[in-house]
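# Structural overview for review
Read off the chains here:
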Amino acid sequence: MDVSPAPPLSLWDNEQIRPLESAPARRHLIRVSNILDKQPLADKHRFFFDHYGVTENDLEHYLAAALSAGGDYADLYFEYLSSTSLLVDESMVKSASQGISAGCGVRVVSGERTGYAYTDDLSASRILHAARTAALIASAPAKTPVAGFQQTAARSLYPVTLPSVDAEITAKVELVMRADKAARAYDPRIQEVRASYGDELRNILVVASDGTFAEDSQPLARMNVSCIAKTENNSARGGSGGGGRVALDFFFGDKNPEFFAKEAARQAILQLDAREAPAGEMEVVLGPGWPGVLLHEAVGHGLEADFNRKKTSAFAGLIGKRVASEKCTVIDNGTMPWRRGSLNVDDEGAPTQETVLIEKGILKGYLSDKLSARLMGIADTGNGRRESYEHIPMPRMTNTYMLAGQDNPEDIIRSVKRGIYAVNFGGGQVDITNGKFVFGASEAYMIEDGQITAPIKGATLIGNGPDVLTRVSMVGNDLKLDEGVGTCGKDGQAVPVGVGIPTIKIDRLTVGGTAKKDPGGFMQ
C-alpha cells in the first residue's frame, strides 16, 4: 500500500466468495482514491469535432430546431461505439465480431411529456430532421437555448492508456482459449465449457439547452465462463466472470482466465453432490459481493425517482421514514474508479456522485435524472442513463451496495440454529410496485447448529424488499463488490451496473425448496 501522504483510502476486497470456514489463499485489493496513478486516456474531448466536423454553432443550431415549437428543455446525445465480441464453445472459436455504431438522439421535454428522435447518420440535415421531429411534442412559441455552453469539469475514473477494444484480437482469443483449457482441466466431470469475452469503447458528447456540455470516453470489458458438469445420473452448471472499465491487462493479473474458469468449474462440481433445499420460513445469511443483486433488484429499483414520481414504488412518499433496520445504510456510487457501473458523467452530462439512499434504516432520497429532479423539486443525483443513442435517459443505478457493519461474518454464521447461507444467485423477478421478489440461489449451503454443512440446490428466496430490510439483524464487516458482470434491465434498456453487500443475516425469509419431509418434519 502507498504510505506517502494521500487522501484516506478505502479497500474493496474482491476476494472470490467461498464458504466462510475455508480461508482464502490470497486477496486482491482494489485501492479507491481520488488520486489515480495511471496516465489518463488520450485526449478525446474533441472526438466529434475532429471526426465529424461538428462545431459549437452546429450544436446551437440543432438545439434551436429542437425548441422551435416551444418545449422546456432539449438535449443532444452523440455516441460513437466500437466493440469486440468473442465466444469459444467446444474448444473452438464459434463466433468473433467487431463493430462500430454511431448516432445522435434528440430529446425535447415539455411539461411531463418527452419527444424523442434519433439518427444513425451524423450529417447536419439528418440531425436537424431528428430535432424537428422531437419538437413535435411541444406546441408553443419557439424558445432560445442558453447562449454558450458550460463544460462539465473533467475527471477520469477509468484512465486506461490503451482501451481493450484497440488491443489485438489475437490476444483476446488467447484469453478465452486459456479459460476453456483451465475449466476442462479442473475435473474430468466438466463436460461442456463456454467462454466469452466482450469489450467496447463508447465516446459520447452531451449538449443541452440549459448550457450543459460534457464529453466522455468510456471503456468496458468483461469475461464470462460457464461450465456443465456431468455424471451418469446427474448434471449441474456453474458460472463466473468479471471485468470493469479496464484495459486488457486487467485479465493478466489476479483475475485472469484461469481464475474465472476454475471458479465456474468449482461451482458446477459442487452442485453435483448438493442435496435438495428445504422449504419454509427460516433464517437466511447472504454472503458478501454478488448477493447484493437482491438489494439492487428488490430495493434499488424502488428508489429510482421516476417510479416514485408516478407513485408506483413501494417507497413513494416515505422520505424521512424508517424503511429498514438501523443496521442498514444503502449507497449508490457512480464515482468508484474502474468499476463497471461507474461513469465520469451520466448520459445527461451531469457528474455522477455518491448518493445515500438509506441511512441507518431511514429513507434519505431517490436516484434522479434531470426530468424527475425538475418535476419533483429534488436535486439531480447524476443517475440519468440510457442504453444507447436510440433510447431516452431515465433514472438508473450505478454501483449500489450496503455499507459494512460491525459484525464478524463467522459470528453471523454461528448465530444461526438452522438456516440457509446463500453466496451466489442466478435469475430473479421483482415487482417494483410492492417490492415482492423471487430469486434463485445458484450456490447455497445449509447452516446447522451454527456450522456451514451441506451444499444445497433448488433454493429460491421469496420475500418483499422493504420488509426484508427491516429483518436484517446482523451486518458483517466484510463488504465486497461483485466481480464486474452486472447488467441491469429496465423498460427494455440494458446498462452496466455494480452491486455489493457485506455478509448479512435476515431473521426470517421464505425459502422455496424441493426437499421432501417425513411426518415429523425432518429432511430426508
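This text follows the structure it describes.
Here's a quick rundown of the structure. Everything numeric in this text was worked out from a predicted model, so none of it was measured.

Reading guide: rules and limits
- Residues numbered from 1 in each chain as written.
- Predicted model: local features only at pLDDT ≥ 70, side-chain atom pairs only at ≥ 80, totals over all residues.
- Heavy atoms only, no water.
- Salt bridge = Lys/Arg side-chain N within 4 Å of Asp/Glu carboxyl O.
- Helix = DSSP H or I, 4+ residues; strand = E, 2+ residues; numbered from the N terminus.
- Buried < 20%, exposed > 50% of the residue type's maximum accessible area, 1.4 Å probe, protein only.
- Pairing = 2+ DSSP bridges.
- Contact = heavy atoms within 4.5 Å.
- Axes fitted to C-alpha atoms, helices over the stretch in contact; angles between N-to-C directions.

### Structural notes on the pattern of salt bridges
Overall, the coordinates contain 26 salt bridges when judged by the stated rule. Across the pair Glu258 and Arg178 runs a salt bridge whose closest N-O atoms are separated by 2.8 Å. Of this pair, Glu258 sits in helix α5 (residues 257-272) while Arg178 sits in helix α4 (residues 169-186), and the two are 80 residues apart along the sequence. Taking relative accessible area as the criterion, Arg178 reaches 23% and is therefore assigned partly exposed. Between Glu483 and Lys255 there is a salt bridge; the shortest N-O distance is 3.0 Å. Of this pair, Glu483 sits in the loop between β23 (480-481) and β24 (487-490) while Lys255 sits in the loop between β9 (235-244) and α5, placing them 228 residues apart in sequence. You'll find Glu483 and Lys255 in the same group, each marked buried.

### Description of the sheet that holds strand β17 (residues 399-402)
Pairing within the open sheet is mixed, and its 6 strands lie in the order β14-β13-β12-β17-β26-β23. The sheet terminates laterally at β14 (362-363) and β23, the two strands that pair on one side only. When β23 meets strand β26 (residues 498-501), the two strands line up antiparallel, connected through 2 bridges. The partner of Lys480 across the bridge, within β26, is Ile501. Set on the sheet, helix α6 (residues 292-300) makes contact with β12 (330-333), β13 (354-359), β17 and β26; between it and β26 the angle comes to about 110°.

### Section: the environment of Ala459
Examined against the element boundaries, Ala459 turns out to sit in the loop between β20 (451-457) and β21 (460-464). As for Ala459 and Glu443, which are separated by 16 residues in sequence, their C-alpha atoms are 8.7 Å apart. Beyond its immediate chain neighbours, meaning those up to four positions away, Ala459 contacts Ala277, Phe439, Gly440, Ala441, Val511 and Gly512.

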